[in-house]
Structures are given as structure tokens and as C-alpha cells.
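A structural walkthrough
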Amino acid sequence: MSRNTFFTAGVLCTAAVISFAISPRLLGQAAPGQSTTDEKTEKTEKTEEVVKLSPFIVESEETGDYAANSTLAGTRVRTDLKDVAASISVVTKQFLQDTAVRNAQDLLVYTPSTEVGGIRGNFSGIAGQKVPNESKLLANPSTNNRVRGLDAADSTRDYFLTDIPWDSFNTGRIDLQRGPNSILFGVGSPAGIINASINDASYKTAYKVENSIDEYGSLRNVGDFNQVLVPNQLAVRVSLLDDRQKFQQKPAFLDQSRVYAALRYDAKLFGEGNLTTIRIKYEDGRVNSNYPRSIPPNDRITPWFGDPYNKATIDTNKYGFGSLAANNPAVTLWKPGGNLIFQGLASTVDVRSWYNGANAAGTLPTFSNNPTTVMVGMINAGIKGLNSQAYRPFAIAPYSIMANATLPGGSFYLDKVLTDSTVFNFFDNLLDGPNKHEWQDWDALNIDLQQSFFKNRLAFDFTYDKQSFLLGQVSWMAGSDYGIGIEVNETFPDGSANPNVGRPYVTGTDAFGNANFKSDREGKRGIVTVDLKSEDYFGMNWFSYILGRSVFTGLAAVDTRDTKQVQWAQHATTPDLIDLLGQGAQAYANIVGTRQYDWLYYIGPSLKTAASAHGANVSRILSPLTPANSTTVRYFNSRWAVSTDPTQAGYVNPTASYSYFNNNDANPRNDVGVQTDNPANYAGWTNGGVTWLSASNPADFPSLVTGGQRDTFKDDSRGFTWQGYLLGGDLVPTFGWRKDTVTYRAAAAQVNSATGIAPLEYDLDPATARQATGQSRNWSGVYHLPAKLTSKLPWNTQLSVFYNESSNFKADAPRRNLIGDLIANPQGKTREKGFVISTLDDRVTLRATWFETRVANATLAAGGGAIFGPNAYQLHRL
């Protein structure tokens, strides 16, 4: 158990003990023998007394149906939904229960103007990428959402920004605020927020245990135990979750366990009408998963059967690295647009492991943990008589590269994914097999003190929130590597025949995409609200009717976030490989180059005689692809192996003439060199031993860290809102102002140039601090048709119209332009108008909204994976 767990448990227990100690005073004590009927009645009334809620609380169990009456998402104080002009949807506990919604992926397909990724979602999250890549989205699927087609919404937990995914086991309601709203959040996504209201302890003793069995063998167990210790004054709640999800894609899974505890204490320490509320919440949770993919693999297999490939193969050893013969017809196949297309990320000197995977004569798995072939690409040692200076196996080009070389406007084409499930059944199979892995671990503490006076006319709220969140993944086949290719190479690096020509395969490296993200958030927030009624000052007259009542709210908050990211190679050889290959000390740093772990796994028999890939029914990867601690590899030993002493037997003069056939440039020919060009004078192809480091071994991990980043973020906020209830409450205007000052510092781990290793610990440079300040002013209004008019309508029908203008300031790290000047942070603005018709005592409600939401100063994606390529920043010239 962590120190935070012990601390929180101690807080809860201490509060419970104190409450038990003072409970006799809270309940009142009668003198012995003086229990009268009036006293019993008084006790009963006290027991059944309903505690008036503070303006900062919205009970998740306030309604037993789908309609919620109030929200905090409009002004951060309790407000009737009918009086809020902003677009807010409230999902009640009853709805979550009836629809079996457990998380954001389940919910956002039901709510308006929202999209969500995942296998049951309606949004991929990878639009605009030339190479579809969902690897980063698999680590925390709940963040893969889009609101109003613009951006992902911020996730909040009791209105504090969070990285922790919500789950219905301890969530009472979800408030979706669509569009920017600086009243609620001066900083944040212009798409809005998705707030999860975490259950409080309630004043109703109830125990619930749920066990559910779902499709594919999923099991979910929930326990929720609420105990009232002192009626209407003290209660505790404990909720437990054990969730084991299985999916149609085998062997995907998601295992989740969470423990949650809450304490609530209400008292009237300052007399009647002055309520004191203390709420403490704590959660500890973890997720372990191999999450299913929502997009099929990249299709690099079906093009082989048609033009221009027509099932062509190539003797890779005949042509040097980057020097295919100009008259070779393969030049247009393997070099479309001048780009060399290789299997995976293999470099010329990588240790490459070939796994048989499925039987070459059929689809029965014959996999073992030992690869069938392990070989090192040929070393460029100036030996011109070698068939090839260096070896890199070729592959079918992905569609985006082929289109770029052959089609008008081809640079805008995206890769094609496999659409024929008879080639590979991507509905039922996770191509990665058991190799991909994601995990999350967190704990969260929230302590809230509320004090109201004069029956909520004056109220204060002080909240402390602390969250620690760890997210990690071992990525597998990221980008175009997530695809199925077909073997076109007729030879191995040593020139021997490759018996696997025509076999479908999956290939890649585990040197990239492995990362963890650690976030520590701390929030301190103070809110004061004042409720003024005109009739208290002017009496009951037309003037007080016009002015009605006004609610003034002030906010001060400081939110900090410290993050740390670490990247590593999952496997790499020890530096001894460099000595074995005779490369020199400068290559020791090639953790993600020469020393990386490259693999190729065949997933079916040869298709050389097939007319198409249709019906191939290739398999997924069947077992973990991890190298043994030590591996025997075949490599070219470029050590001179013959005597240079004329007096010794076998003497060879290195400068003597040597004739050979030169395959190493665009003009293959007979050539004459010297004996240093003769491969026979070297030790040549031989076997050697390679030792592997593994990130799963704590002793090896520091030697595999290849990068890291740290940043700190601080947001100092001040805000003010006014909400009026004019004309007897028929007209409800709202005005808000907020100012946020964001301070950001960042640093990257400095990689050791000699070892390639990045340090795990390093300091932030104060000189990197950047600061940005943003202000925003929002206003809105709701007008309810007076009851004198609506009373003539049937079924208690009511009509309201509304208008809203909102904005906010996104708290990204302050950015600089190309000449180093600070530029404004992204800002969202929205304008909304519409009407609401409710009838049958608010049981049926129709809300129609017309809106326009804009994002200014947004960051345009660039880089090789973006549609516009690495020069996207020059679009301002158009």
C-alpha cells in the first residue's frame, strides 16, 4: 500500500472517530426518565430532517430518471438547467445504469455532437494522417473523442482536470459542456469538458453487489457499500470494482481494478441555517490491457497480385544499397518516386530475426520461441567483390508512397487498409497477438470544505485536489509497420536462398513507441458566492420584481501539473555486438540502430501460385516475440583471414590484382580491383553470439532509455460571475470574467552521445520558463415565457429562448514562432441561440440550438505523418 493510501485511510478513520466522539452532542441527549411523546416526535423529525444542500453540491441521486434538474457546469454554483444558456447535457445515474454505460467509450455514442473512438465508437481519431496510426490512442482510449467536430474535450473529475478515466462504478452523473466556457474554466479545450461527478457518501444506508457476465467471457464485479453513521450528519462509502473484459479480437483484453472510499460530514457548527460540510474522497486504481484495434492493418499484400507488381520478386543481393540498376524493371516497383521501401525499419547492419510463425505448407502454427533464422545485414567494408555492399530487404510500397510517385496530387493520398477479411480476419484477430501492452495506475485524493451562512445567502467552498497518474505502453507495429506484406526477397544477407518467397508476413522493431507518462496534478480552489434578493432591501414591489435576485460568485484557483515522459527500446543487444562486427566505438550509441531488435514473422504459406490474396486466411502473431538472453547469429566477419607475410603459406598480397563482377552500382559489369576486394581473403560468413538487454529486467532498463521530457505547468486563475433572476425569475442573464496566467517550463533528457542512453533524472532549466496570460468575458441570457401566458397551454407546457456567447483560453504550453517570438495560445469562441419547449411537468423536453464554434491560433499538425508534410507552417503564404 502506498504512503498516500495510508495517509488517506488515516484521514478517513480520524474523521470517523472524531464524528463518533461528538455524535452524542450532535444528536442531543435526554435526561434519564424524561422521554415524553413530544420529545419522541422531535427526535423523529430530526431523524427525518432533509439537510439543505450547499450551493456547491449537486446530488447524483437527486433524480431517479433521465432528467436532471440542476448543474454546476454553468457557473460553478448550483443552477437550474433551465436557467443555463450554454449547451450542457447531463447524463444521470439512471441512464448510465439502464444503458449499461461504463465509461466514455460507451457514453459518447449516445450524446449529441460528440464522437468517440474505439471498437464500439463512431470516430477513429486518425483523420488527416497519411499513415494511419492509432498506437498512441490505445494507451488511454477515453481521451480519443471529438466534440462538435473540432477537438477532444477536457476530462474533469469533480471539475478538476484529470487524466484518470471515469467508470460508472463510482460515478453518479456526467455533465457535458459543449463549447468553450471561461466561466467554468478559463483554460481548457475549446471543445468543452466532460465532467464526472464522483459519488459522495449519502445519508441512506445501502449495500449493493453486482456481478455481470458479458460477451466473449467478460466478467465484472462491483461492490458499493454506503453506511450512515450519524443520520443526516455522517456517512461513509466504499466502492470496489474488478473488471475483466474480453473482446471479439483475440487475444485482446482489459483488466481493471479500483478501490474507492468517501466520507461526508454535515454539521451546523454556527447555528441553524449555517451549514458546514466536509467531504473526502479517495481512489486507487490500475488497468492492464492489450487493447483491441479499431482499424484494419495496412494493405501491402493485395497490390502484389496486380499491376505494376504482377507477383515480381527480386534477388536483393545483386544490388547495392540505394543503387538499383536503372534498366532493372524493379526500379519502379521498389523505388517509386525515388523512395527505397524496406521491410520494417531494418538498417543494413541490424540483427534481424525471422520467425516461421505458421507452417510453410499450411496454416498450422509451428511457432517456437527460437527464430528460424538470425542474420546480420552485410557490412559495408569496401569489399567490392561482395555481391552487395550492404543488405536491406525490399518490400511492397504502401499506397501513399505509390500514389505520390504515380498519381496527380498523390501527396494527399492516404495509405489503404486491408478491407478483405478473408485475407486476414481483423474482426476476430488482433494482429499484434500478445505482444502489445498498455497499463495505467493512479491514486486521487479530494478534500472539500464548504461553509454556508444565512441559509445559503453567503457560502464558501475550499477544495484541495491531488492526483497521481501513470500511463505506459509497449507499442507494437506503429504506423505503416501495422500492416501485412508479402515476401519478395529471393535471398538472405549471406546470399543463400530464401525459402519463404511469396509468404505473407508482419515485420517491425520494438525500438520505438515504448513510453510511459507520469502526471502529478495538484489543485487548490476557493469559491465564494453571495445570493442577494431585492425584496430584502426594497420590500415587495414592482422595483424588487424587476431586479429579482442576483447571485455573485468569485473564484480563485491555482492548478499545477508536473509531467515526465520516458521512451525506451524494449530490447537491444549489448555494446559487445559493435566489437563483434568491428564497427568502432562510435556505433555503441546505436541503441535504435545497429543494436535494435528487428523481427519478421510469417503468418501463412506461400501465395506464389495463388491468383489473389482473397481467401488466404492468414493468422495473427501467435506468441510473444522476445529474443532469448543470448542468440547465435550469422554475420560477415570482415577480419583479414590470410597471411600477408610472403614467407608464410597461404600468403596473399593485398595489392595484387583481383577480377570480379561488380554488382554494386547502376552499371553491373566485369571489373578489376585488388585482393582487398576479394571476399575469400576475409573470415567471411560465420556464427557468433549476441547478448540481449530487456526493458522488462529492472537491471537492464536504464541502459535502454533513449529519450525523455519533463515539464511543469501552473495556472493561476481569478474569476467573477453574476447571474441575475430578473422579472420574477423569467429573465436570467449571466456575465462572467476570468483571467488566467499560465507558467510553463520544459526540459528534454540529454542523450549521451557515446552510449545513446538518456538519463532518467535531470533538472528543469529555469531559463525555459514561458508565461502567457489570457482574459475572457462571457455573457448569456435565458427568457422564460411568463406563467400568465404559458398557463393557457395544455399539459403544463413552458417555452424559453436563450442566447450565449462564450470563450476560453487553452492552456497549452506557450509557443514560439519561427523567429522565436511568443505567439498567442489557442482560443475558442462560440455563439449559440435557440429555444426550449418542456411539457408534462418537464417529463418531455425539446431543446433546439444553433451554434457557431471557432478555434483561433490552433496548432496545425505537421511532419511526415500529416497531409501537408513537414512544410505545413508555410501555409500562411497561400
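The next subject is the overall build of the protein chain. Along the protein chain, the regular secondary structure elements total 11 helices and 37 strands. In the protein chain, which comprises 878 residues, the share counted as buried stands at 51%. The long-range fraction of contacts in the protein chain, counting pairs at least 24 apart against all pairs at least 6 apart in sequence, stands at 71%. Of the roughly 39300 Å² of accessible surface on the protein chain, 55% is carried by carbon and sulfur atoms.

If you look at the biggest cluster of nonpolar residues, it comprises 58 residues, and the most contacted ones within it are Ile301, Ile484, Ile486, Trp599 and Leu625. Breaking this core down by element, the ones donating at least two residues are strand S16 (351-355), strand S17 (373-376), strand S20 (483-486), strand S21 (504-509), helix H10 (576-581), strand S25 (597-602), strand S26 (630-640) and strand S29 (682-694). Considering each element in turn, this core owes the most residues, 5 residues, to S25. Within the second largest apolar cluster, 22 residues are counted, among which are Ala153, Trp166, Ile174 and Leu241.

A contiguous nonpolar patch, built from Leu532, Tyr537, Phe538, Trp542, Phe543, Tyr545, Ile546, Leu547, Phe552, Phe720, Phe735 and Trp779 and spanning about 1200 Å² of accessible area, is present on the exposed surface. Broken down by secondary-structure element, the contributors of at least two residues to the nonpolar patch are helix H8 (535-538) and helix H9 (542-547). The element that contributes the greatest number of residues to the nonpolar patch is H9, accounting for 5 residues. Residue placement: Phe735 occurs in strand S31 (residues 731-748).

Here we take up the pairing of strand S36 (residues 827-839). Note that strand S33 (residues 798-809) and S36 share 12 bridges and pair antiparallel. Bridged to Asn804 within S36 is Glu832. Of the strand pairs in this sheet, S36 and strand S37 (residues 844-856) are connected by 13 bridges, and their pairing is antiparallel. Bridging from a neighbouring strand, Thr839 pairs with Val844 of S37.

Turning next to helix H7 (residues 399-406). All of the buried residues along H7 are Ser400, Met402 and Ala403. Viewed along the axis of H7, the buried residues span an arc of 165 degrees, placing them on a single side of the element.

The strands making up a sheet are joined through hydrogen bonds of the backbone, oriented either antiparallel or parallel. Taken in spatial order, the 5 strands of this open sheet run S3-S8-S9-S6-S7, and their pairing is mixed. The sheet terminates laterally at strand S3 (87-91) and strand S7 (160-161), the two strands that pair on one side only. Where S3 meets strand S8 (residues 171-178), 5 bridges bridge the pair, whose relative direction is antiparallel. Within S8, the position partnered with Ser87 by the bridge is Arg178.

Here 20 bridges tie strand S23 (residues 549-568) to strand S30 (residues 705-725), and the two strands are oriented antiparallel to one another. In the sheet register, Arg549 faces S30, and the bridge partner there is Tyr725. Where S30 meets S31, 15 bridges bridge the pair, whose relative direction is antiparallel. By the bridge assignment for S31, Thr721 is matched with Gly736. Count of turn residues in the S30/S31 antiparallel hairpin: 5 residues, of which Leu727 carries a positive phi of about 55 degrees.

A few words on unusual backbone geometry. In terms of backbone geometry, most residues other than glycine have negative phi values and most peptide bonds are trans. The omega torsion of the bond from Lys250 to Pro251 falls at 5 degrees, within 30 degrees of zero and hence cis. Its place among the elements puts Pro251 in the loop between strand S12 (234-246) and strand S13 (253-267). The phi dihedral of Tyr159 falls on the positive side, at around 65 degrees, and the residue is not glycine. Following the sequence through the fold, Tyr159 ends up in the loop between strand S6 (154-157) and S7. In the Ramachandran plot, Trp795 falls in the positive-phi region, its phi being about 60 degrees despite a non-glycine side chain. With respect to the secondary-structure elements, Trp795 resides in the loop between helix H11 (787-790) and S33. Overall, the relative accessible area of 63% leaves Trp795 in the exposed class.

The next thing to look at is the environment of Arg237. Its place among the elements puts Arg237 in strand S12. The buried category is assigned to Arg237, whose relative accessible area is 5%. The sequence separation of Arg237 and Arg264 amounts to 27 residues, and the corresponding C-alpha distance is 8.7 Å. In this structure the side chain of Arg237 is engaged in a polar contact, spanning 2.8 Å, whose partner is the side chain of Asp224.

Moving on, we get to the pattern of salt bridges. Scanning the model with the defined rule gives 37 salt bridges in all. The network of salt bridges with shared partners includes Asp158, Asp200, Arg279, Lys281 and Asp448.

So, on to the packing of aromatic side chains. Summed over the entire model, instances satisfying the criterion amount to 25 aromatic pairs. Considering the side-chain rings of Phe636 and Trp685, the 5.8 Å spacing of their centres and the 75 degrees angle between planes classify their relative orientation as edge-to-face. With Phe636 in strand S26 and Trp685 in strand S29, this residue pair connects regions lying 49 residues apart in the sequence. Arranged with centres 6.1 Å apart and planes meeting at 40 degrees, the rings of Phe835 and Trp850 form a pair that is tilted. Taken together, the positions of Phe835 in strand S36 and Trp850 in strand S37 put the pair 15 residues apart, joining distant regions of the chain.

Right, let's talk about the confidence of the model for the protein chain for a bit. When the pLDDT values of the protein chain are averaged, the result is 84; 85% of them are 70 or greater. Predicted confidence for residues 320-329 stays below pLDDT 50, and this span has 27 contacts to residues more than four positions away or in other chains. Counting interchain partners and residues more than four positions distant, the pLDDT-below-50 stretch residues 361-365 has 10 contacts.

What follows covers the side chain of Gln675. Tracing the sequence through the fold places Gln675 in the loop between strand S28 (669-674) and S29. Residues in contact with Gln675, not counting those within four places in the same chain, are Trp640, Val652, Asn653, Pro654, Ala656, Ser657, Tyr658 and Asn681.

So, on to the environment of Pro493. When you line up the elements, Pro493 lands in the loop between S20 and S21. A sequence separation of 106 residues divides Pro493 from Asn387, and the C-alpha atoms of the two residues are 9.7 Å apart. Apart from residues lying up to four places away in sequence, Pro493 is in contact with Asn317, Trp354, Met375, Val376, Gly377, Met378, Tyr391 and Trp685.

Cut-off values and rules
- Residues numbered from 1 in each chain as written.
- Predicted model: local features only at pLDDT ≥ 70, side-chain atom pairs only at ≥ 80, totals over all residues.
- Heavy atoms only, no water.
- Helix = DSSP H or I, 4+ residues; strand = E, 2+ residues; numbered from the N terminus.
- Buried < 20%, exposed > 50% of the residue type's maximum accessible area, 1.4 Å probe, protein only.
- Contact = heavy atoms within 4.5 Å.
- Areas by Shrake-Rupley, 256 points an atom, 1.4 Å probe, with all protein chains shown as cover.
- Core = buried A, V, L, I, M, F, W, Y, C linked by side-chain atoms within 4.5 Å.
- Patch = residues over 30% accessible without salt bridge, like charges linked within 9 Å, V, L, I, M, F, W, Y side chains within 5 Å.
- Salt bridge = Lys/Arg side-chain N within 4 Å of Asp/Glu carboxyl O.
- Pairing = 2+ DSSP bridges.
- Arc of directions from axis to C-beta.
- Polar contact = N/O pair within 3.5 Å; in protein donor to acceptor, adjacent residues only side chain to side chain.
- Phe/Tyr/Trp six-rings, centres within 6.5 Å; stacked < 30°, edge-to-face > 60°.
- pLDDT = per-residue confidence, 0-100.

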